[in-house]
Amino acid sequence: MTVVLPRTATPTSLPRTAVLGVALAALATVVWSGSFVTSRALHDSVPPVQQAFWRWLVALVAVAPFGARQAWRQRKVIRRHLGFVLLASLLGVTVYNTLVNQAGLTTSAANMGMIMAASPVLMAVFERAAGVRPGARRVAGLVVACAGVVLLIGGGAGGARFAAGDLWMVAAACCFGSYSGLLRRKPAELGGTAFLFTVFLVGTALLLPAQGVSVAVQGGFDPTPGTVLPILYVGVASSAVAFFAWNRAIALVGPSRAGVVYYLQPVCVSLLSWAVLGETTGWAQVLCMAMILGGVVLGAGAGARR
C-alpha cells in the first residue's frame, strides 16, 4: 500500500493541509541550512564519515523515546517492507549526509546550499513519474526559482566558484531528491515515528564499517565544545526534528510542492555562512536569491492534478 494524497477535500481542510505542509517544509529547510554551515565549520577537525556517524547516532538516541516502541510494535510491517526501508536508509541517512560532509572539505557552505537547491527538480521528476501533473503556476515557480539557482552558480552571482566539493554536492542533491521521491511510496500502515526510528537505526548500522575504517586510518577527533556542540545540533535539530518535519510535509503536500519551498535553502545558507563563517554575499547573489524567493512564493501555493 502506498501513500496517496486525496483527490478531494473540503474547502476548509485543503488550505489548512497545504499551509501546514509548506510550513513544515520551510522549518526543515531552515534547520537543514545550519547543517551545511556546521559541516563546513568541522571540515578540518572531524572526518566526514565520523561527522555522519555521530550525527545519526545522536539522532537515533533523540528519536528512540518516541519511535522505538512503535517500531517494535510494527516490526512485521517493517519486515514486510524491508527493501523500501533499506533503500530509504541508504539514500537519506548513510550516503546523503556523508556526501555533504565530504563536499564541505573543499567548497564553501554557500556553494553547498546553492547546488543542493537543484534537488527539487529531481523531486518534481519523481512526482511526475508517479502520475501527478503539476499546475502551470507551480511549474512557473519551479522555473523562476531554478533560474535563480543557475545564475547563482553560473558565475554571474559574484564569487560562486566551482571546487571539487561541488561534484560531491551534485551527488548529494541527486541522493536527497531520490529519497524525497521515494517517500511518496512510504507504506501507509508504517507510522511516521516508527519509520524515522527505523531509518535512523538502519542508516547508522550501514555506516558502522566506514566509521571503523575512518577511525583506524584517520584517527578520532578531540571531543571539545567546538566539535561536540555542532554534532549535537545536527543530530537533534537537523536530523530528528528536520527529517520528521520534512517527511510529514511530503505526506501532506507531496515532494514537488515541498521541493519548491526547498529553494529557500541557498538563501538561508548564504545568510548563515555570512553570519557564522564570514563568507561574503554580493549584491548579485542577493538579486538571485530574490528570484528564488519569488519562485517559492509563486509555486508553493499552487495545486497539482492526477
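These numbers were taken from a predicted model, which means no experiment stands behind them. (Residues numbered from 1 in each chain as written. Predicted model: local features only at pLDDT ≥ 70, side-chain atom pairs only at ≥ 80, totals over all residues. Heavy atoms only, no water.)

1. Quick word on the confidence of the model for the chain
- Per-residue confidence for the chain gives a mean pLDDT of 79, with 76% of residues at or over 70.
- Between residues 1-13, whose pLDDT stays under 50, and residues either more than four places distant or in other chains, the model counts 22 contacts.
- Contacts of residues 156-160 to residues separated by more than four positions or lying in other chains number 14 contacts, the stretch itself having pLDDT below 50. (pLDDT = per-residue confidence, 0-100. Contact = heavy atoms within 4.5 Å.)

2. So, the packing of helix 4 (residues 82-103) against helix 9 (residues 192-218)
- Direction vectors running N to C along helix 4 and helix 9 enclose 60°, while the axes themselves pass 8 Å from each other. The pairing of helix 4 with helix 9 is recorded here as oblique in orientation. Here helix 4 and helix 9 pass one another in a crossing that is right-handed. Every residue of helix 9 that contacts helix 4 at Phe84, Val85, Leu86, Ala88, Ser89, Leu90, Val93, Thr94 and Thr98 is listed here: Phe195, Thr198, Val199, Phe200, Val202, Gly203, Thr204, Leu206 and Leu207.
- Tallied by class, residues from the contact of helix 4 with helix 9 come to twelve nonpolar, six polar and no charged. (Axes fitted to C-alpha atoms, helices over the stretch in contact; angles between N-to-C directions. Helix = DSSP H or I, 4+ residues; strand = E, 2+ residues; numbered from the N terminus. Parallel < 35°, antiparallel > 145°, perpendicular 65-115°, else oblique. Left-handed = near helix turned anticlockwise from the far one by under 90°. Nonpolar A, V, L, I, M, F, W, Y, C, P; charged D, E, K, R; others polar.)

3. A few points about the pattern of salt bridges
- Tallied over the full model, the rule gives one salt bridge.
- Where Glu189 meets Arg80, a salt bridge forms, and the shortest distance between an N and an O atom there is 3.7 Å. Here the residue Glu189 occupies a position in the loop between helix 8 (164-183) and helix 9, and Arg80 occupies one in helix 3 (residues 75-80), the gap between them amounting to 109 residues. (Salt bridge = Lys/Arg side-chain N within 4 Å of Asp/Glu carboxyl O.)

4. Digging into helix 5 (residues 109-116)
- Counting buried positions along helix 5 yields eight of eight residues, so the element is predominantly enclosed.
- Inspection of helix 5 places Ala109, Ala110, Asn111, Met112, Gly113, Met114, Ile115 and Met116 among the buried residues, and these make up the whole buried set. (Buried < 20%, exposed > 50% of the residue type's maximum accessible area, 1.4 Å probe, protein only.)

5. What about a nonpolar patch on the surface?
- On the surface, a nonpolar cluster with roughly 210 Å² of combined accessible area is contributed by Leu27, Val236 and Val241.
- Within the secondary structure layout, Val241 lies in helix 10 (residues 225-261). (Patch = residues over 30% accessible without salt bridge, like charges linked within 9 Å, V, L, I, M, F, W, Y side chains within 5 Å. Areas by Shrake-Rupley, 256 points an atom, 1.4 Å probe, with all protein chains shown as cover.)

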